[in-house]
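Listed below are the residues making up each chain.
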Amino acid sequence: MKQKRCIMTLPVGKRALICVFVLLLSGLLLGWLVLCPKDVQAYTREERAKFSQGMNTHRVSMVLHEEDGTLAVIHEVDFVNRTQDPLPHLVLRTYANAFLSEETSPAAIDEVYDSAYRAGFSTGGLHLQGVWWQGEAAFHRYEDEAQTVLRIETGDMQPGDSGTLKMMYVLSVPECAYRFGRTDTAWQIGNAIPVVSVWQEGAWRKDPYDPIGDPFISESANWSLRIQLPEGMTPAASASLEKDGDGIWQGEVLCARDMALTFSRHYTLLEKQAGDVLIRVLSTSEQGRQALKLSEKILETLCGLYGKYPYDTLTVAEIDFPFGGMEYPALVMVDRSYFTAEGDTLELLLAHEIAHQWFYALAGSDGFNHPWQDEAASQWAALRYVGARYGKDSEENLKYYYVDAPMQENGLDIFTPGSPVSYFGDYMAYDSVVYGRGCALFYALDAFLMGSMDECLKAYCHAEPFGLYTRKDFEEAVSDFSGKDSLPLITDYLDTRMQ
Ligand SMILES: [Zn+2]
């Protein structure tokens with residue numbers, strides 16, 4: 001029998017040494033507790049399970065055929081008519097088909113063509129092999145030239161009616177550095193898995209895949225994903241994926257308005273638990289460590305400003321993309337060049353993209369008609385992050401560059417920040433007007449609310465978690481918070497042309 005050694009039985013010198021050691025250890029523990037981001041709070045799985053009741057459920061099963069550049073997919077949707085109207089048929093958005101031709105591809109506009117199609121145009125799309133509704137083959141057709149509006153004949157569905165849709169299709173992934181595409185770095189499957197369209201004012205939304213902005217609108221749903229990848233490939237997705245005993249990656253996410261993923265042979269996975277959230281960075285460079293540190297700081301600050309983060313994971317994945325970054329539920333895709341960029345470029349981009357988890361994933365809005373509602377809000381949040389972390393002067397310097405300068409720019413007076421994405425002909429104008437001048441609205445509202453715009457936004461985005469918010473919802477949230485009519489100020493900034 002081995003006796004436990006008691007500190008009091010040791011000689012005095014050894015006792016003192018142990019006491020110093022214990023004190024040091026306590027100090028370290030205290031320091032860790034102080035520095036550890038305990039302020040990163042998130043909606044729990046139970047809370048999301050409650051919100052997810054009655055949402056549509058998607059089950060997506062994919063197999064990668066690397067040599068053909070394709071993914072074979074079986075996709076089932078449990079659909080519930082949650083509208084107040086009888087629905088005559090179902091509409092799904094098959095945005096991947098926009099990549100079939102140069103005429104319809106959002107990556108084929110002059111401004112991005114060379115950086116997206118590096119070796120010339122490459123076609124991609126979604127090839128349907130079968131559609132079944134309630135177990136029977138369903139008549140279906142595309143309603144637009146770009147084949148992004150898929151109409152499925154289901155027969156009339158009364159409010160509350162439900163049914164199961166099954167589709168088999170092949171996603172042919174173009175050689176293209178864009179939301180949907182593949183490069184030497186990674187496979188990027190963004191806005192490529194079909195989503196159910198949104199029923200509004202007695203009709204299905206059928207907006208085109210506009211090349212400017214993120215022209216999407218979708219309701220939150222529950223997703224499960226299974227993907228079979230060759231050995232050595234690591235995926236990142238909106239769902240939190242784990243490899244099962246058969247080597248298949250699978251996972252799920254509740255309350256997500258889209259399902260995006262990327263995978264690569266070159267990813268190194270770094271992860272860290274920050275409070276309630278597991279942060280994962282998948283990158284091909286050493287700078288992944290820096291992105292992990294920054295994401296933690298940003299998450300901590302934004303949780304302080306806007307309340308609970310929507311999910312229990314946040315994944316940052318490196319891709320090849322002409323615009324810096326792209327947000328999806330619980331997933332942020334970041335262009336490779338940002339990982340090695342000088343100065344604060346990566347930090348600002350991550351702050352903007354992570355802010356979208358509040359102003360897109362949690363408080364959804366109409367990305368086609370009201371792009372300012374999440375873009376200008378995320379830009380404001382990124383600048384507020386800088387202010388909270390580095391002081392008012394740092395925020396002011398950036399505000400001058402990102403907000404004040406666009407307010408003085410000439411030649412953009414034909415646009416207003418409240419315009420839909422389809423009004424803009426190029427990214428330069430879109431960026432200045434929607435991000436820059438749109439963000440000026442938030443500074444004006446902050447003055448109107450005597451410095452409490454962040455608090456107002458916190459109340460706004462948690463009012464209906466994972467819902468779709470209209471412009472009117474935003475206006476009412478500001479008026480309710482202030483007790484004053486905010487409409488003239490909002491109209492002035494969003495709808496008035498610069499003189
Ligand atoms: Zn954005």
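Numbers given for residues are sequential positions, taken from 1 along each chain in its written order. Confidence filtering applies because this is a predicted model: local features only for residues at pLDDT of at least 70, side-chain atom pairs given and counted only at 80 or more, and all residues used for totals across whole chains, interfaces and linings.

Chemist: Looking at this structure, I do not really get helix 9 (residues 392–408). What am I missing?
Modeler: Three or four residues apart is the spacing at which side chains of an α-helix point the same way, because the helix has 3.6 residues per turn. Of all the bends in helix 9, the largest measures some 45 degrees and sits at lysine 399. Counting other C-beta atoms within 10 Å of its own, a residue is labelled buried from 20 upward, exposed at 12 or fewer, and partly exposed in the gap between, with every C-beta atom placed from the backbone. Here a helix means four or more residues in a row that DSSP labels H or I, a strand means two or more in a row labelled E, and each is numbered from the N terminus. Among the residues of helix 9, those classed as buried are Tyr402, Val403 and Pro406. Residues of helix 9 that are buried make contact with helix 8 (372–390) and helix 10 (427–448). One axis is fitted to the seven residues ending at the residue and one to the seven starting there. The bend at that residue is the angle between these axes. By the convention adopted here, residues are in contact when the distance between their C-beta atoms, placed from the backbone, does not exceed 7 Å.

Chemist: Whenever I open this one, the domain arrangement of the protein confuses me. Can you help?
Modeler: One frequently used descriptor of interface size is the decrease in accessible area upon assembly of the parts. Start and end positions for the domains come from either an automated domain assignment or a database one. For the protein, the domain assignment lists domain 1 (53–263), domain 2 (267–356) and domain 3 (372–495). Contacts between domain 1 and domain 2 engage 22 residues on the former and 21 residues on the latter. Of all the secondary structure elements, the ones that give two or more residues to the side of domain 1 that touches domain 2 are helix 3 (110–116), strand 15 (234–237) and strand 17 (249–256). Classifying every residue of the side of domain 1 that touches domain 2 gives 10 nonpolar, 9 polar and 3 charged. Under the grouping applied here, Gly and all other residues not named as nonpolar or charged are polar, the nonpolar ones being Ala, Val, Leu, Ile, Met, Phe, Trp, Tyr, Cys and Pro and the charged ones Asp, Glu, Lys and Arg.

Chemist: When you look at the confidence of the model for the protein in this model, what are you seeing that I'm missing?
Modeler: Caution applies to low-pLDDT regions: their predicted coordinates should not be interpreted in detail. Looking at the protein, pLDDT values average 92 and 92% of them are 70 or higher. A score between 0 and 100, pLDDT records how confident the predictor is in each residue. Throughout residues 1–12 the model reports pLDDT below 50, and contacts reaching past four residues in sequence, or to other chains, amount to 3 contacts. Residue range residues 15–37 is modelled with pLDDT below 50. Its contacts to residues more than four positions away, or to other chains, number 7 contacts.

Chemist: Looking at this model, I keep getting lost on the nonpolar core. Mind explaining?
Modeler: One recurring pattern in soluble globular proteins is that nonpolar side chains are buried together. Core membership is restricted to buried Ala, Val, Leu, Ile, Met, Phe, Trp, Tyr and Cys residues, and these are joined into a nonpolar core through C-beta atoms within 7 Å. One finds Leu299 and Leu302 to be the most contacted residues of the largest nonpolar core, which totals 137 residues. With 9 residues, helix 8 is the single largest residue contributor to this core. If sequence neighbours within four positions are ignored, leucine 299 has contacts with Val40, Ala274, Val277, Ile279, Tyr309, Leu314 and Ile354.

Chemist: Is there a simple way to think about the sheet that holds strand 21 (residues 313–319) in this case?
Modeler: Two pairing modes exist for strands in a sheet, parallel and antiparallel, and in both the strands are linked by backbone hydrogen bonds. For two strands to be treated as a pair, DSSP must find no fewer than two bridges joining them. Strand order in this open sheet of 5 strands is 19-20-21-23-22, and the pairing throughout is mixed. Of all strands in the sheet, those bounded by a partner on one side alone are strand 19 (268–274) and strand 22 (325–328). Taken over all neighbouring pairs, the strand axes of this sheet differ in orientation by 15 degrees on average, direction set aside. Alignment of strand 22 against strand 23 (residues 331–335), held across 4 bridges, turns out to be antiparallel. Directly across from methionine 326, in strand 23, lies its bridge partner methionine 333. Axis angles are defined between N-to-C directions and span 0 to 180 degrees, where every axis is a line fitted to C-alpha atoms and, for a helix, only to the segment in contact. Set on the sheet, helix 4 (residues 288–306) makes contact with strand 19, strand 20 (277–283) and strand 21; between it and strand 20 the angle comes to about 150 degrees. Across the sheet, helix 6 (residues 345–355) lies against strand 21, strand 22 and strand 23, angled at about 150 degrees from strand 23, the strand it touches most.

Chemist: Looking at this structure, I do not really get the pairing of strand 2 (residues 70–80). What am I missing?
Modeler: Consecutive side chains along a regular strand alternate between the two faces of the sheet. Direction of pairing for strand 1 (residues 57–65) relative to strand 2: antiparallel, over a ladder of 9 bridges. In the strand pairing of strand 2, threonine 57 is matched with aspartate 78. The loop that links strand 1 with its antiparallel partner strand 2 comprises 4 residues; one of these, glycine 69, has a positive phi angle of about 70 degrees. Both strand 2 and strand 8 (residues 162–172) contribute to a ladder of 11 bridges, which runs antiparallel. Along strand 8, the bridge assignment pairs isoleucine 74 with methionine 168.

Chemist: Looking at this structure, how should I read helix 4?
Modeler: Its 19 residues give helix 4 an end-to-end C-alpha distance of 26 Å, which sits within 8% of 27 Å, the value for a rise of 1.5 Å per residue. When helix 4 is considered as a whole, its buried residues turn out to be Gly288, Ala291, Leu294, Ser295, Glu296, Ile298, Leu299, Glu300, Thr301, Leu302, Cys303 and Tyr306. Looking one or two residues beyond helix 4, the residue adopting positive phi is glycine 307, at roughly 85 degrees. To estimate how far a helix should reach, multiply one less than its number of residues by 1.5 Å.

Chemist: I would appreciate a short explanation of the packing of helix 11 (residues 453–461) against helix 12 (residues 471–482) in the present structure.
Modeler: Pairs of packed helices are described in terms of their axes, by the angle between the two and the distance that separates them. One can describe the packing of helix 11 onto helix 12 by two numbers: an axis separation of 10 Å at closest approach and a directional angle of 125 degrees. With respect to their mutual orientation, helix 11 and helix 12 come out oblique. In this structure, the crossing between helix 11 and helix 12 has a hand that is right-handed. Here helix 11 contributes Cys456, Ala459 and Tyr460 to the contact with helix 12, which in turn contributes Phe474, Ala477, Val478 and Phe481. For the contact of helix 11 with helix 12, a count of residues per class yields 7 nonpolar, no polar and no charged. Orientation is classified from the angle alone, with under 35 degrees giving roughly parallel, over 145 giving roughly antiparallel, 65 to 115 giving roughly perpendicular, and any other angle giving oblique. For any pair of crossing helices, the crossing counts as left-handed if the nearer helix is rotated counterclockwise from the farther one by less than a right angle, and right-handed if it is rotated clockwise.

Chemist: Would you mind showing me how to read unusual backbone geometry here?
Modeler: With glycine set apart, most residues show a phi of negative sign, and most peptide bonds adopt trans. Phi at glutamine 134 is positive, roughly 55 degrees, even though this residue is not glycine. Within the fold, glutamine 134 resides in the loop between strand 4 (125–133) and strand 5 (136–137). Look at glutamine 134 and you get exposed, because 12 C-beta atoms sit within 10 Å. Positive phi outside glycine occurs at cysteine 255, with the angle close to 60 degrees. For cysteine 255, the location among the structural elements is in strand 17. On the basis of neighbour count, cysteine 255 is assigned to the buried category, with 26 C-beta atoms found within 10 Å.

Chemist: What should I look at first to understand the environment of histidine 140 in this one?
Modeler: Within the secondary structure, histidine 140 is located in strand 6 (residues 140–142). Look at histidine 140 and you get partly exposed, because 19 C-beta atoms sit within 10 Å. Residues histidine 140 and histidine 89, 51 residues apart in the sequence, show an inter-C-alpha distance of 9.7 Å. Once residues within four sequence positions are removed from consideration, histidine 140 is found in contact with Val131, Leu150, Arg151, Ile152 and Glu153.

Chemist: Looking at this structure, how should I read the sheet that holds strand 15?
Modeler: Pairing within the open sheet is antiparallel, and its 4 strands lie in the order 9-10-18-15. The sheet terminates laterally at strand 9 (180–182) and strand 15, the two strands that pair on one side only. Adjacent strand axes in the sheet meet at a mean angle of 10 degrees, parallel and antiparallel pairs treated alike. The pairing of strand 15 with strand 18 (residues 261–264) spans 4 bridges and is antiparallel. Among the inter-strand pairings, threonine 234 is bridged to a residue of strand 18, identified as serine 264.

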